[in-house]
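Survey of secondary and tertiary structure
Below are the chains, spelled out letter by letter.
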Amino acid sequence: MFQFASSDSSAESEIAKAESMSRRNHLHNEMRIGGLSQRDQNASRRQKSGRRRITTTADDRYLLQCARRQRTLTARQLASQLSAAAGRPISSQTVSRRLLEGGLFARQPVVCVPL
């Protein structure tokens with residue numbers, strides 16, 4: 001009877017191993033199928049075909065935050081501020097597109113005509 005009980009515990013341990021392996025494989029397949037990469041900084045975005053984005057999701061959030069705080073800055077000024085923070089060049093056209101995606105409009109300097 002003692003021998004029978006030990007075989008039950010080994011069977012239980014094998015079942016537990018199998019369950020943990022299936023859970024681990026499921027998570028691995030989810031990551032692979034979902035198209036997310038842990039190395040990529042844009043983990044919240046799915047991989048798409050086409051050109052890669054120069055700005056990360058963190059850059060986009062920072063840009064929108066700066067644009068909301070300082071509403072009078074132009075797209076060119078925001079681009080220079082974001083370029084300094086990110087450490088890589090980012091064009092004002094990119095900033096304009098990111099502001100539009102975030103629901104804000106790009107600020108353009110307006111020449112005042114004297115009356």
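As annotated in an unreviewed UniProt entry, the protein chain carries the name Transposase Tc1-like domain-containing protein and comes from Araneus ventricosus.

1. Topic: the nonpolar core
One finds Leu63, Ala67, Leu78, Val95, Leu99 and Leu104 to be the most contacted residues of the largest nonpolar core, which totals 13 residues. Elements with a contribution of two residues or more to this core: helix H2 (57-69), helix H3 (75-86) and helix H4 (92-101). Here Ala67 is in contact with Leu78, Leu99, Leu104 and Arg107, once residues within four sequence places are set aside.

2. Remarks on H4
What H4 keeps buried is the set Thr94, Val95, Ser96, Arg98 and Leu99. Of the surrounding elements, those touching the buried residues of H4 are H2 and H3. Two residues or fewer after H4 comes Gly103, characterised by a positive phi angle close to 90°.

3. Section: H2
Helix length check: H2, at 13 residues, gives a terminal C-alpha distance of 18 Å against a target of 18 Å (1.5 Å per residue), a fit within 8%. Considered for burial, the residues of H2 that qualify are Thr57, Asp59, Asp60, Leu63, Leu64, Cys66 and Ala67.

4. What to know about the environment of Arg76
Here Arg76 shows up in helix H3. Arg76 gets classed as exposed once you look at its relative accessible area, which sits at 65%.

5. Some remarks on the environment of Val95
Here Val95 is to be found in helix H4. Classification of Val95 by relative accessible area gives buried; the value is 1%. Leave out the neighbours within four places in its chain, and Val95 touches Leu63, Ala75, Leu78, Ala79 and Ile90.

6. Structural notes on the packing of H2 against H4
The relative placement of two packed helices is expressed as an angle between their axes plus a distance between the axes. Between H2 and H4, the least distance of the axes is 10 Å, while the angle of their chain directions is 85°. Looking at the two axes, H2 sits roughly perpendicular to H4. Where H2 abuts H4, its residues Asp60, Leu63, Leu64 and Ala67 lie against Val95, Arg98 and Leu99. Residue composition of the contact of H2 with H4, grouped by class: five nonpolar, no polar and two charged.

7. Notes on the packing of H3 against H4
Between H3 and H4, the shortest axis-to-axis distance is 8 Å and the interhelical angle comes to 100°. Between H3 and H4, the angle is such that the two are roughly perpendicular. On H4, the residues touching Ala75, Arg76, Leu78 and Ala79 of H3 are Ser92, Val95, Ser96 and Leu99.

8. Considerations on the environment of Thr94
On the secondary structure map, Thr94 appears in helix H4. In this structure Thr94 comes out as buried when scored by relative accessible area, which is 7%. Between the C-alpha atom of Thr94 and that of Ile54, which follows or precedes it by 40 residues, the distance is 8.5 Å. Not counting residues up to four positions away in its chain, the partners in contact with Thr94 are Ile54 and Thr55. At 2.9 Å, the side chain of Thr94 and the side chain of Ser91 are in polar contact.

Definitions and cut-offs
Residues numbered from 1 in each chain as written. Predicted model: local features only at pLDDT ≥ 70, side-chain atom pairs only at ≥ 80, totals over all residues. Heavy atoms only, no water. Core = buried A, V, L, I, M, F, W, Y, C linked by side-chain atoms within 4.5 Å. Buried < 20%, exposed > 50% of the residue type's maximum accessible area, 1.4 Å probe, protein only. Helix = DSSP H or I, 4+ residues; strand = E, 2+ residues; numbered from the N terminus. Contact = heavy atoms within 4.5 Å. Expected span 1.5 Å × (residues − 1). Axes fitted to C-alpha atoms, helices over the stretch in contact; angles between N-to-C directions. Parallel < 35°, antiparallel > 145°, perpendicular 65-115°, else oblique. Nonpolar A, V, L, I, M, F, W, Y, C, P; charged D, E, K, R; others polar. Polar contact = N/O pair within 3.5 Å; in protein donor to acceptor, adjacent residues only side chain to side chain.

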